[in-house]
Amino acid sequence: MSLLIQYTLIFASVLMLVALGGCFSEHSGVINLGLEGIMVMGALGGALAMNAMGSASAVVVIVGTIVVSALSGLVYSILLAVASINFSADQTLIGTAMNMLAAAAATVAVKSINIAENPDNVSSTVVYGAAKKSLIIKIGSFQLSWLTIVAVVLLIASYVILYKTRFGLRLMACGEHPQAADSVGINVAKMRWAGVLISGFLGGLGGITYITAGVSEWKFETGVAGFGFLALAVMIFGQWKPINIALAALLFGFFRALSNVYSGFDFLAALNIPGSIYNMMPYIISLLVLAFTSKNSRAPKAEGIPYDKSVR
Amino acid sequence: MKTEKKSFFSIPAVQTILASVLCIVVGLLVGYIVLLVINPKGATEAIVTLLKNYLIYPSTPAKMKYLGNTLVKTAPLLMCALSIQFCYKTGLFNIGAAGQYVAGAGACLFCALQLKLPWIVCLLAAAIAGALFGSIVGLLKAYANVNEVISGIMLNWIGLYIVNMLLSGVKETSSPYTVTLSSTNKAALLPTLGLEKMFSNNTYVTVAIPLSIIFAIVIWVILNKTVFGYELQATGFNKDAARYSGMKEKKNIILTLMIGGALAGIGAAFLYLTGYEQWSVTQTSVPGMGFNGIAATFLGGLHPIGTIFSSYFIQHITSGGAFLDKNVYPSQISDLISAVIIYLCGFVLFFKMFLNKRSNAKKGGTSK
């Protein structure tokens, strides 16, 4: 049971971080379908950093991992910002390209590093077991990740920033009615850049949280299994509001955790349901949830539409 | 009134081809730079190998044989690209093509290996399975306003796990791969119509290749020469205007995605019914064919005939990647180049605007 809670918390943290990222980007008016790729890049940066730091002191590992993975995500999100804000590109296309690019680039990068060390090692796996120990707080047999704590702090911060600061309210204005925002002197392009970069920051953190959930090495050929998109489903279910997103993330995290630990429950194991069914569960749930919540969605009105000053 | 001579660069077809060539050049350049970073010594040779693909073989029969292999994989890629393109014309981004492809693969292999049916039935089953997956996306989009990209991705994963379960009954006992068609049910292999003789007896070369080109032409005709195609494109341009003029936009969305799904499903049958590949029931990632289709469709300037060539190009460099010395360079460099090309395709609209602005400015200058 404690294992189920442990996994639920960690997967919920992943989904919450990434969904909050999507939330910032969409509130500013840019649809970020590249979150999956941003997660991969954050995971790559974090994994390599952890691999390099090995058994350095806990504080260094924690801070280092968080900073490197968040910055990797942030830097990667520049690709989306430039294309969609400065060149009015199709945001769906750019997001998709970013997902494919991240998967390919991460695989190429890790393989090249592995080959450089040993020409016969053509795997795309990064090992970071030693450093991972520093990320975990042990409470008896229960393991809590520092990244979960970071996620909760960032949840509160997101709520405060979006609703209680001038920056947040201006950001949301750019996603609702950029023309109106522009007319009162808000720089729409700048706000959208901020929104996308914040989503890159959070998405990168989500990536490292995902690959440190339970395992101590990661094969980058497999990417992050659609988690970036699950996070978008969480965001829609949470109606673009931080607190609701957190609750939605817990629900989705629970179903994802089930597929990791179902065999530990006698009554679930007795049902003899194939593992694939549990693996499918989060995706099926998200389809159902989307079917019931998308109709009356509170999506930012201007999301996905490049801002054109001349139509003001 | 004298007709003004149009600038060469303002002809839309010229712009489209120019944009695609530019995307390819920059994409390859990025790939080359990455190769240089990994290992500067062999980088030039590596990019040449990638571009040469089967041409690295000295003898003509070997060249033809491996050209055949590239074409075998071009056919499914073209079908996926057409699927995405058809939907994009209606304003729908069918990233679910990857899952529809998976559904098609599952259906045709199940019919071929478990039920021992002939190829034509397997092909139809693949089309129906793909259409079914597409219609789920369509229904959700039309009646529940679900973003087709997100539902498409969800179905990609659902499809993968369903197919893994479905085909685990027909896998080889000692490996995760499905049993071969040639050992289980020869009747399910696509007919070769003697085409294999042109490619040094490469029996994977089947009717799938000419059929996929015929499909491309049919799609072009449907989109440009029929009322149905006109309605779809009108819905893509302006959903509300289309509805106002009496088009059933909900029906069109569902129908489009069904057809798109069927195309992707047939694409899978075009690969798996040749016996070229077996399905691994333990695979944990969605096959890349559907995603590469996105590259092909945008590189082809969203035109069915252009897509024939771009599909070949994308497959050419993807197959070329396999010839790299894998102890120096990862073969995924090809995927990286494809991804860069898609990213650059996002800038095409801006590029065209730039060209038009420039040629307009020129015109203004000369008339003064």
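So, here is what we can say about the structure in this document. Owing to the predicted nature of the structure, the values given are computational and were not obtained by experimental measurement. (Residues numbered from 1 in each chain as written. Chains lettered and ligands numbered in written order. Predicted model: local features only at pLDDT ≥ 70, side-chain atom pairs only at ≥ 80, totals over all residues.)

Assigned secondary structure in chain B consists of 15 helices and zero strands. Taking 2.2 N^0.38 as the reference for a compact globule, 368 residues should give roughly 21 Å; the C-alpha atoms of chain B span a radius of gyration of 22 Å, in line with that estimate. If one aligns the C-alpha atoms of chain B with their principal axes, the spans along those axes are about 80 × 60 × 40 Å. Here chain B, with 368 residues, has 53% of them falling under the buried criterion. Once local pairs closer than 6 in sequence are excluded, the contacts in chain B between residues at least 24 apart make up 76%. (Helix = DSSP H or I, 4+ residues; strand = E, 2+ residues; numbered from the N terminus. Rg over C-alpha atoms; globule rule 2.2 N^0.38 Å. Buried ≥ 20, exposed ≤ 12 C-beta atoms within 10 Å, placed from the backbone. Contact = placed C-beta atoms within 7 Å.)

Further remarks concern the overall build of chain A. Each helix and strand counted, chain A has 13 helices and four strands in total. Its C-alpha atoms put chain A at 60 × 50 × 35 Å along the principal axes. Burial analysis of chain A (312 residues in total) assigns 55% to the buried set. Sequence-distant contacts, at least 24 apart, represent 80% of the contacts inside chain A between residues at least 6 apart.

With that settled, the discussion passes to the packing of helix 3 (residues 60–89) of chain B against helix 8 (residues 208–225) of chain B. Residue and element names in this part refer to chain B. The geometry of helix 3 relative to helix 8 is characterised by a closest axis approach of 8 Å and an angle of 15° between their N-to-C directions. The angle between helix 3 and helix 8 places the two elements in the roughly parallel class. Here helix 3 and helix 8 pass one another in a crossing that is left-handed. On helix 8, the residues touching Leu-71, Ala-75, Leu-78, Met-79, Leu-82, Phe-86 and Lys-89 of helix 3 are Ala-208, Ile-209, Ser-212, Phe-215, Ala-216, Ile-219 and Leu-223. The class makeup of the residues in the contact of helix 3 with helix 8 is twelve nonpolar, one polar and one charged. (Axes fitted to C-alpha atoms, helices over the stretch in contact; angles between N-to-C directions. Parallel < 35°, antiparallel > 145°, perpendicular 65-115°, else oblique. Left-handed = near helix turned anticlockwise from the far one by under 90°. Nonpolar A, V, L, I, M, F, W, Y, C, P; charged D, E, K, R; others polar.)

Residue and element names in this part refer to chain B. Interaxial distance between helix 4 (residues 97–114) and helix 6 (residues 148–167) falls to 7 Å at its minimum, and their mutual angle equals 15°. Here helix 4 is positioned roughly parallel relative to helix 6, judged by the angle of their axes. In this structure, the crossing between helix 4 and helix 6 has a hand that is left-handed. Seen from helix 4, the contacting residues are Ala-98, Gly-99, Val-102, Ala-103, Ala-105, Gly-106, Leu-109 and Phe-110; seen from helix 6, they are Gly-152, Leu-155, Asn-156, Gly-159, Leu-160, Ile-162, Val-163, Leu-166 and Leu-167. For the contact of helix 4 with helix 6, the residue count by class is twelve nonpolar, five polar and no charged.

Taken residue by residue, the interface counts 43 residues in chain A and 39 residues in chain B. Within the residue set of the side of chain A that touches chain B, elements represented by two or more residues are helix 3 (58–86), helix 4 (91–117), helix 10 (227–237) and helix 13 (275–293) of chain A. It is helix 4 of chain A that provides the largest number of residues to the side of chain A that touches chain B, a total of 14 residues. When its residues are assigned to classes, the side of chain A that touches chain B shows 26 nonpolar, 13 polar and four charged.

Attention now goes to helix 6 of chain B. A turn of α-helix holds 3.6 residues, and therefore any two residues three or four places apart point the same way. With 20 residues, helix 6 of chain B extends 27 Å from end C-alpha to end C-alpha; this agrees with the ideal 28 Å at 1.5 Å per step. Extensive coverage of helix 6 of chain B is indicated by the burial of 18 of its 20 residues. (Expected span 1.5 Å × (residues − 1).)

All names here are of chain A. The terminal C-alpha atoms of helix 6 (residues 146–164), which comprises 19 residues, lie 26 Å apart, in line with the 27 Å expected from a rise of 1.5 Å per residue. Those residues of helix 6 that sit buried are Leu-147, Thr-148, Ala-151, Leu-154, Ser-158 and Leu-162. For helix 6, the buried positions fall inside an angular range of 115° around the axis, keeping them on one side. Turned more than 90 degrees away from the buried face of helix 6, the exposed residues are Val-153, Ile-156, Ala-157, Val-160 and Lys-164. Here the buried face of helix 6 lies against helix 1 (2–28), strand 3 (142–145), helix 7 (166–176), helix 9 (188–211) and helix 11 (242–261). (Arc of directions from axis to C-beta.)

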